[in-house]
Amino acid sequence: MPTPPELTDRERQVLEAVIQSYVETAEPAASRTISRRFGLGVSPATIRNTMSDLEEKGFLFHPHTSAGRVPTDLAYRVYVDSLLQSPVIKTAEQVLLGEGIGGASTAIESILRRAAQSLGVLTQELGVALGPQLDAAILQRVELVRLASDRLLMVLALERGFARSIYIELPIEIADDAIGTVGAVLNERLGGLTLFEIRSSLAIRLRDAQAAGTAAELLNIFVEEGEQYFTNATRSDDAAVVLGQTSLLAEHPEFATGDSMRQLLAFTETPAHIADVLRRRSPQPGITITIGHEHGDPRFDRFTIVTAEYHFGSLSGVIGVIGPTRMPYRKVISLVGHASRLISDLL
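Residues numbered from 1 in each chain as written. Predicted model: local features only at pLDDT ≥ 70, side-chain atom pairs only at ≥ 80, totals over all residues. Heavy atoms only, no water.

## Observations regarding the nonpolar core
Among the nonpolar cores identified, the biggest contains 88 residues, and Met154, Leu218, Phe222 and Tyr329 are the most heavily contacted of them. In this view, Tyr329 contacts Tyr76, Tyr79, Val80, Leu84, Ile289, Ile291 and Thr304; residues no more than four positions away in its chain are not counted. Core analysis: the second largest hydrophobic core is formed by 17 residues, Leu249, Phe267, Ile274 and Ala275 among them. (Core = buried A, V, L, I, M, F, W, Y, C linked by side-chain atoms within 4.5 Å. Buried < 20%, exposed > 50% of the residue type's maximum accessible area, 1.4 Å probe, protein only. Contact = heavy atoms within 4.5 Å.)

## Section: the packing of helix H6 (residues 108-123) against helix H13 (residues 329-346)
It is the contact of H6 with H13, at a shortest axis distance of 11 Å, that shows an interaxial angle of 160°. Comparing the axis directions of H6 and H13 gives the class roughly antiparallel. Of the two possible hands of crossing, H6 and H13 adopt the one that is right-handed. Between H6 and H13, the residues in contact are Ile111, Leu112, Ala115, Leu119, Leu122 and Thr123 and Lys331, Val332, Leu335, Val336, Ala339, Ile343 and Leu346, respectively. Among the residues making up the contact of H6 with H13, the classes are represented as eleven nonpolar, one polar and one charged. (Axes fitted to C-alpha atoms, helices over the stretch in contact; angles between N-to-C directions. Helix = DSSP H or I, 4+ residues; strand = E, 2+ residues; numbered from the N terminus. Parallel < 35°, antiparallel > 145°, perpendicular 65-115°, else oblique. Left-handed = near helix turned anticlockwise from the far one by under 90°. Nonpolar A, V, L, I, M, F, W, Y, C, P; charged D, E, K, R; others polar.)

## Some details on helix H1 (residues 9-25)
Across its 17 residues, H1 extends 24 Å between first and last C-alpha, which sits within 8% of the 24 Å expected from 1.5 Å per residue. Those residues of H1 lying buried are Glu11, Val14, Leu15, Ala17, Val18, Ile19, Ser21, Tyr22 and Val23. Each element contacted by the buried residues of H1 is listed here: helix H2 (31-38), helix H3 (44-56), strand S1 (60-61), strand S2 (70-71) and helix H4 (73-83). Phi turns positive one or two residues past the end of H1, at Ala26, with a value near 65°. (Expected span 1.5 Å × (residues − 1).)

## Some thoughts on the environment of Pro28
Relative to the helices and strands, Pro28 resides in the loop between H1 and H2. With a relative accessible area of 26%, Pro28 lands in the partly exposed category. Along the primary structure Pro28 and Ala67 are separated by 39 residues, whereas in three dimensions their C-alpha atoms are 7.7 Å apart.

## Describing unusual backbone geometry
Of note in the backbone geometry, Ala26 takes a positive phi value of approximately 65° without being a glycine. Structurally, the position occupied by Ala26 is in the loop between H1 and H2. Overall, the relative accessible area of 21% leaves Ala26 in the partly exposed class. Of note, the phi angle at Gln124 is positive, near 60°, even though the residue is not glycine.

## What about the packing of H1 against H2?
Running from N to C, H1 and H2 cross one another at 95°; their axes reach a closest spacing of 10 Å. Here H2 runs roughly perpendicular to H1, going by the angle between their axes. Mapping the contact onto sequence places Ala17, Val18, Gln20, Ser21, Glu24 and Thr25 in H1 and Ile34, Arg37 and Phe38 in H2. Residue classes in the contact of H1 with H2 are distributed as four nonpolar, three polar and two charged.

Okay, structure coming up:
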């Protein structure tokens, strides 16, 4: 994103006031309203001129039906980067979030579902969670299971209780003892490696393995096609994307019209698109925030995404919220950060 224009101290004060007013009321901010509410020590006329300067610099714009002004994506970016006070989570919110995420089940799917729901309720945005990326997961054991004369199931037992299943189509029938032989070779050569290491070096690791008959045929299948099998093993399906309650987003005035509501429903009914955008973002230490057009996808132009990574062992995933760019950023950032720490502790 291009470097935003420099702001004077007065412009920063007025911009922060406009954003705060708009986030709280969803109404375009007028100079008289800013003067009355925030007591900046200058006249409404001075504020109006400053707002005009901010509009020329790309920080504010005029909705066509209003005399007030609304922040742009650039305004929100400057706000979260340099104007926002340090986020501090309230004690009551800490308790509610801890109670919401904690529970009897310690399975990661259950923890992420509870986290997305709890974050959504507390922020009044759409909670979202992604299961961990498995590239860094360590392979503990491979099991090859015959399903039919021309089909195998490869089960990968990974660290932290994860497992992935991959179907393998066979051009010829492979003898049962050959399947056992190849399974032993895979465990010997690949056990203890990450899926990324396996994917990037599988052919080299298997090329000199000794086998005869149909075992050699099956090994050759892994040499030639194994990289794709292990690539498939690291891909998450739509079920790995956990969403909170869409109804919370629907209550925002941004989605009050029929067209905007239909866009919202279409947006939340495509979790694969949400997962793709989340994974394409460059994670930052702590909190990652992308706003409007920064997503590079027109379907997300009206949204802000606030996320943090959670960690357990060598694996990591994402927890956060999606909402309109008109968002209470300080509250959301504090809750998302605390949620990521709670999830990491539970795992």
